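One-letter residues, chain by chain:
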Amino acid sequence: TSYCVRTCDGFFFPVGTPEGGDLLAHQAACDRACPTAETDVFVAPAGSSGISEAVNRKGVRYEALRTAFNHRNQFDSACSCGPRGIS
């Protein structure tokens, strides 16, 4: 699975499967879904447990992000996919 990750707080959602399209298309979909925040696409290897093992195009694991899973514990109104204050 490919995940769109909002890098400011680690929020993520699926954007496709690596077999179902190229990663540039997944990044474009991610950018459209979350136009007001910096995003990156992470891909979980086949047979993995999901986002925890996913890596981006540079080989960085999601769990290595300093903001990984932050969205679960805190809310930052400046970090959203839409107008200020809307996640």
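Right above here is the structure, for reference.
Cut-offs used in this document
- Residues numbered from 1 in each chain as written.
- Predicted model: local features only at pLDDT ≥ 70, side-chain atom pairs only at ≥ 80, totals over all residues.
- Heavy atoms only, no water.
- Helix = DSSP H or I, 4+ residues; strand = E, 2+ residues; numbered from the N terminus.
- Phe/Tyr/Trp six-rings, centres within 6.5 Å; stacked < 30°, edge-to-face > 60°.
- Buried < 20%, exposed > 50% of the residue type's maximum accessible area, 1.4 Å probe, protein only.
- Contact = heavy atoms within 4.5 Å.
- Salt bridge = Lys/Arg side-chain N within 4 Å of Asp/Glu carboxyl O.
- Pairing = 2+ DSSP bridges.
- Axes fitted to C-alpha atoms, helices over the stretch in contact; angles between N-to-C directions.

A. Layout of the environment of A25. The topology assignment puts A25 in helix 1 (residues 23-33). Each C-alpha atom of the pair A25 and S77 lies 28 Å from the other, and the pair is 52 residues apart in sequence.

B. Up close: the packing of aromatic side chains. In this structure the tally under the stated criterion is six aromatic pairs. Taken together, a centroid distance of 6.3 Å and an interplanar angle of 85° make the contact between F12 and F69 edge-to-face. Within this pair, whereas F12 is found in strand 2 (residues 12-16), its partner F69 is found in the segment after strand 3 (39-43), the two being separated by 57 residues in sequence. Judged by relative accessible area, which is 18%, F69 ranks as buried. When the ring of Y62 is compared with that of F69, the centres are 4.9 Å apart and the planes differ by 80°; the resulting orientation is edge-to-face.

C. The arrangement of the side chain of T67 in detail. Inspection of the secondary structure puts T67 in the segment after strand 3. Note on T67: relative accessible area 5%, which makes it buried. Not counting residues up to four positions away in its chain, the partners in contact with T67 are T7, C8, D9 and G10.

D. Focus on the pattern of salt bridges. The tally for this structure, following the rule as stated, stands at two salt bridges. One salt bridge connects R6 with D9, and the closest N-O pair in it is separated by 2.8 Å. For R6, a relative accessible area of 4% corresponds to the buried category. When the shortest N-O distance is used, the salt bridge between R61 and E63 registers 3.7 Å. By relative accessible area, which is 44% here, E63 ends up partly exposed.

E. The sheet that holds strand 2, seen in detail. The sheet built from three strands is open, its strands ordered 2-1-3 with antiparallel pairing. Unpaired on one side and paired on the other, strand 2 and strand 3 mark the two borders of the sheet. On average, adjacent strands in this sheet sit at an angle of 35° to one another, irrespective of strand direction. Sheet analysis places strand 1 (residues 2-6) next to strand 3, joined by five bridges and oriented antiparallel. Looking across to strand 3, one finds that C4 is bridged to V41. Against the sheet, helix 1 contacts strand 1, strand 2 and strand 3, and its axis sits at roughly 135° relative to strand 3.

Coordinates in, geometry out; function isn't part of it.
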